[in-house]
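Coordinates in review
The chain contents come next:
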Amino acid sequence: MALTGVQIFKLLPKTNCKKCGFPTCLAFAMKLAQAGVDISACPDVSEEAKATLGAASAPPIRSFILGTGDKAVKMGAETVMFRHEKKFVNPCAIAINIKDDLSEDALSKTAVEVAASEIDRVGQKLRVDAISIEYASGSSAKYEAAVKLVAAKAPNAALILNCKDAGAAEAAVKAVAARKPLIYCATDGNAEAMANIAKANGCPLVACADGLDALSALTEKIKGLGIEDIVLDSGAKTAKEIVEHNTQIRRAALKKSFKPLGYPVINFVMRDDSIHEASIASVAIAKYSSIVVLSSISKWKDLVLFSLRQNLYTDPQVPMQVEQKIYEIGEPKADAPFMITTNFSLTYFIVSGEIENSKVPSRLAVMDCEGLSVLTAWAAGKFTASKIAQFIIESGIADKLSTKELILPGQVAILSGALEDKLEGWKITVGPREANAIPTFLKGRAS
Amino acid sequence: MSFVVPKESFNGKVLAVDFGKDDKALAIGGETCLPFLSFEGEVPNKPVIAYEIQDCAPDDWPDTVKNVYKEVSGDPVTWAKYCQNELKAKAIALRLASTHPDRGDRSAEDAAKTVKDVLSAVQVPLIILGSNHIEKDASVLVAAAQAASANNCIIGKAQEGNYKTIVAAALAHNHKLIAMSELDINLAKQLNILITQMGFDKAKLITDPMCAALGYGLEYTYSVMERIRLAGLAQNDPTMQPPIVGDVGMYVWKIKETVASETDVPDWGTLEDRGIAWETVTATSMVLAGTNLLIMRHPKAVENVEKTISELV
């Protein structure tokens, strides 16, 4: 069981030497209790204390890195069942499976698509993280060549070597060992051979069994063979199996401290229809998967799955923010309406969406209010007349406008008088209270 | 160490609500566990998807979904029949959009006539929705409830600002009722309490905690729904036990991702697939969070979500 901060503190040297990066041993102990730091950061801790703490402070779900380089994906280390309790920690990797018997052109094309899949969404760079190369050709030489080709064409993607044949897997793993591929998979039948390959090359290994009983026995076996970085495949195929198995795995790990299932999960969600596959993938993303493997990717599919992953892995305590600036919607001329709102991402999305719906080209000033919505920001003193005036003046927007008129959210109509005083020469207009009234408001002005 | 299935059992239960009549009647809710975890509880009814139609041409819908209905959307009766007979809709949600002061401001009497016409043309259960204009809905939904008397419809949405007259009408004409609040579990609870204090049976309520589209606050809806479920099941809070509705289509089919052409945003891929996938994935995540009744627009999205639901139960 996890120890409390005070229990951990009693095991530390209590020298407050700061070598761990924390001001006091107590602060370090508190962070250890939250599994936010590793005990090895303390250079003076006794071996005995380390052993006690190591067993108790190991996170209930093991964490490790999939892939190498700055695009590698951290996985595991989850701490809760529901995202409102605490932030989900490590967003799942999205992967595509391709077969080694495809032509070189087809393999290259997919690898290049993965390499070019990165997009920017609300300030985060999102991408397809991994490629699973499936051994379907029956030729280990062909498999190794396909793996090398894909690795070269997608230099930043994590690799999953989907090959149950130990001989073929060994050669392919060696060829790309520097990329730390995830080996898929060890089964009851090949566990020793696969564990040896993983150990010799320092690679993580998927344990694959039918059901959670067999899977627990298998991970114990693999761990006994010296493999620490394990990924779980319970054989879940249907949406129901994904939800039930993944829920039971996370519960067992978090609530029962059941170590044999304290690892990240991989789910294969291949379906014939691409949109249906996106639907099943969203089941896996929402329900605790750490690697979701698809049979196809495309720009729209990437976008929809990236968005879901981003939504569910946001910190429920910290609002999403957009960049402070003056956004142009449509192609606004000098006499286009000029509105202002705050930088809470939801506020921005809804307001800009309604302006777009109005089809009236406009400018929207988005002011940094630490991600608060209009009324909350006003109440917190972050969306005040003087701060708005300062932002408008410093933006230099006045030069672009034929009439200096600012449209204020109706919720803060109370600011209009003070703003007129502070923004000399500006006309302040009070806009609608709710965003859904913006189209009518803007169209009414235009006509 | 051998594996023991970590089961959780709850004292609470989601209330089962039926709507419609005769052999087309449907039931939602009734589960005693979190969504789809039937290894530890009962899941007697699977989520239902209703097709949304409107009482006026859907000028505000983007082409991807508007074109599907272009032959039938000029008339709500034709549109409803198309959904029932061609698309095999299990339920229909009629939105009285044209009663909104900005969308034609049609009268409550006009709305009542539309409701009667649609009811006499289709047999599947009907959900009757106002235009989401607080003042106007108060009169429109009263007239609609009367027009639909004895049809066991779902009427909505009652909100804090207008619930009294709508609750009274649903009570008088024996309908089920959607209570909507804005993305806050405490507001949802408070509204359910106010409504039951008027003598309305909580077993006839459906909670709408307010939907949001993927990428546009979905995470808030998702977590409010999960928290409502946990409150109803784990804490056995009777005010949090009505089934949940997700009004997905109207939030999805107006955001940029379902509207902007591939020419405008080449990085986002084909518009049609993108729009359908957006509604599909938004709805899929809603059912995982606890939604029992979905209101959707695109037939392909409905088909995909039904496929996923049939895999989930």
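In the block above lies the structure referred to throughout.
Residues numbered from 1 in each chain as written. Chains lettered and ligands numbered in written order. Predicted model: local features only at pLDDT ≥ 70, side-chain atom pairs only at ≥ 80, totals over all residues.

Time to look at the overall build of chain B. Across its full length, chain B carries eleven helices and ten strands. Against the compact-globule benchmark of 20 Å for 313 residues, chain B has a radius of gyration of 19 Å, which places it among compact chains. Overall, chain B is about 65 × 55 × 35 Å in size when its C-alpha atoms are taken along their principal axes. When burial is assessed residue by residue, chain B has 57% of its 313 residues classed as buried. In chain B, the share of contacts with a sequence separation of at least 24, taken over all contacts with a separation of at least 6, comes to 68%. (Helix = DSSP H or I, 4+ residues; strand = E, 2+ residues; numbered from the N terminus. Rg over C-alpha atoms; globule rule 2.2 N^0.38 Å. Buried ≥ 20, exposed ≤ 12 C-beta atoms within 10 Å, placed from the backbone. Contact = placed C-beta atoms within 7 Å.)

Now for the interface of chain A and chain B. Every contact between the two is made by 48 residues of chain A and, on the other side, 42 residues of chain B. Contributing elements (two or more residues each) for the side of chain A that touches chain B: α8 (212-224), α9 (239-255), α10 (274-286), α11 (299-312) and α12 (345-358) of chain A. Classifying every residue of the side of chain A that touches chain B by side-chain character gives 22 nonpolar, 15 polar and eleven charged. (Nonpolar A, V, L, I, M, F, W, Y, C, P; charged D, E, K, R; others polar.)

Here the focus is the sheet that holds strand β7 (residues 176-180) of chain B. All names here are of chain B. If you trace the eight strands from one edge of the open sheet to the other, you get β8-β7-β6-β5-β4-β3-β10-β9, paired in parallel fashion. Only two strands of the sheet have a single partner each, and these edge strands are β8 (205-208) and β9 (245-246). Where strand β3 (residues 48-54) and strand β10 (residues 293-296) come together, four bridges link them in parallel fashion. Within β10, the position partnered with V48 by the bridge is L293. Along the sheet face, helix α6 (residues 185-197) touches β6 (154-158), β7 and β8 and points at about 155° away from the line of β8. Sheet strands touched by helix α11 (residues 299-312): β3 and β10. Its angle to β3, the strand with the most contacts, is close to 170°. (Pairing = 2+ DSSP bridges. Axes fitted to C-alpha atoms, helices over the stretch in contact; angles between N-to-C directions.)

Here the focus is the packing of α12(A) against helix α16 (residues 438-446) of chain A. All names here are of chain A. Where α12 meets α16, the closest approach of the two axes is 8 Å, and the angle between their N-to-C directions is 45°. In terms of orientation, α12 lies oblique with respect to α16. Once α12 is placed against α16, the crossing between them reads as right-handed. When α12 is examined against α16, the residues V351, E354, I355, N357 and S358 are found in contact with a partner set consisting of I438, P439, L442 and K443. (Parallel < 35°, antiparallel > 145°, perpendicular 65-115°, else oblique. Left-handed = near helix turned anticlockwise from the far one by under 90°.)

All names here are of chain A. Reading across from one edge, β10-β9-β8-β7-β6-β3-β12-β11 is the order of the eight strands in this open sheet, with parallel pairing throughout. At either margin of the open sheet sits one strand with a lone partner, and together these are β10 (230-233) and β11 (266-268). Ignoring which end each strand starts from, the neighbouring axes of this sheet average 25° apart. Where strand β8 (residues 182-186) meets strand β9 (residues 205-208), two bridges bridge the pair, whose relative direction is parallel.

Further remarks concern the nonpolar core. I131(A), I183(A), L205(A), A207(A), I92(B) and A144(B) are the most contacted members of the largest nonpolar core, which totals 236 residues. Looking at which element gives the most residues to this core, the answer is helix α10 (residues 271-289) of chain B, with nine residues. Each of domain 2 (64-312) and domain 3 (325-446) of chain A contributes no fewer than three residues to this core. Residue contacts for A144(B): discarding those within four places in its chain leaves L96(B), A111(B), A112(B), V115(B), I128(B) and I155(B). Judged by nonpolar contacts, the second largest core, of eleven residues, contains L11(A), L32(A), I39(A) and L53(A). (Core = buried A, V, L, I, M, F, W, Y, C linked by C-beta atoms within 7 Å. Domains from an automatic or database assignment.)

Residue and element names in this part refer to chain A. For helix α4 (residues 104-115), built from twelve residues, the straight-helix expectation of 16 Å at 1.5 Å per residue is met to within 8% by its first-to-last C-alpha distance of 16 Å. Where α4 is concerned, the buried positions are L107, T110, A111 and V114. All buried residues of α4 fall inside an arc of 100° around its axis, so they share one side. On its buried face, α4 sits against β3 (93-99), β6 (130-134) and α5 (140-153). (Expected span 1.5 Å × (residues − 1). Arc of directions from axis to C-beta.)

Turning to the packing of α10(A) against α11(A), a few remarks are in order. Residues and elements named next belong to chain A. For the pair α10 and α11, interaxial distance at closest approach is 10 Å and the crossing angle is 15°. Here α11 runs roughly parallel to α10, going by the angle between their axes. The way α10 lies across α11 gives a crossing that is right-handed. Contacts from S274, A278, A281, S282, I285 and A286 in α10 reach K301, V304, L305, L308, R309 and L312 in α11.

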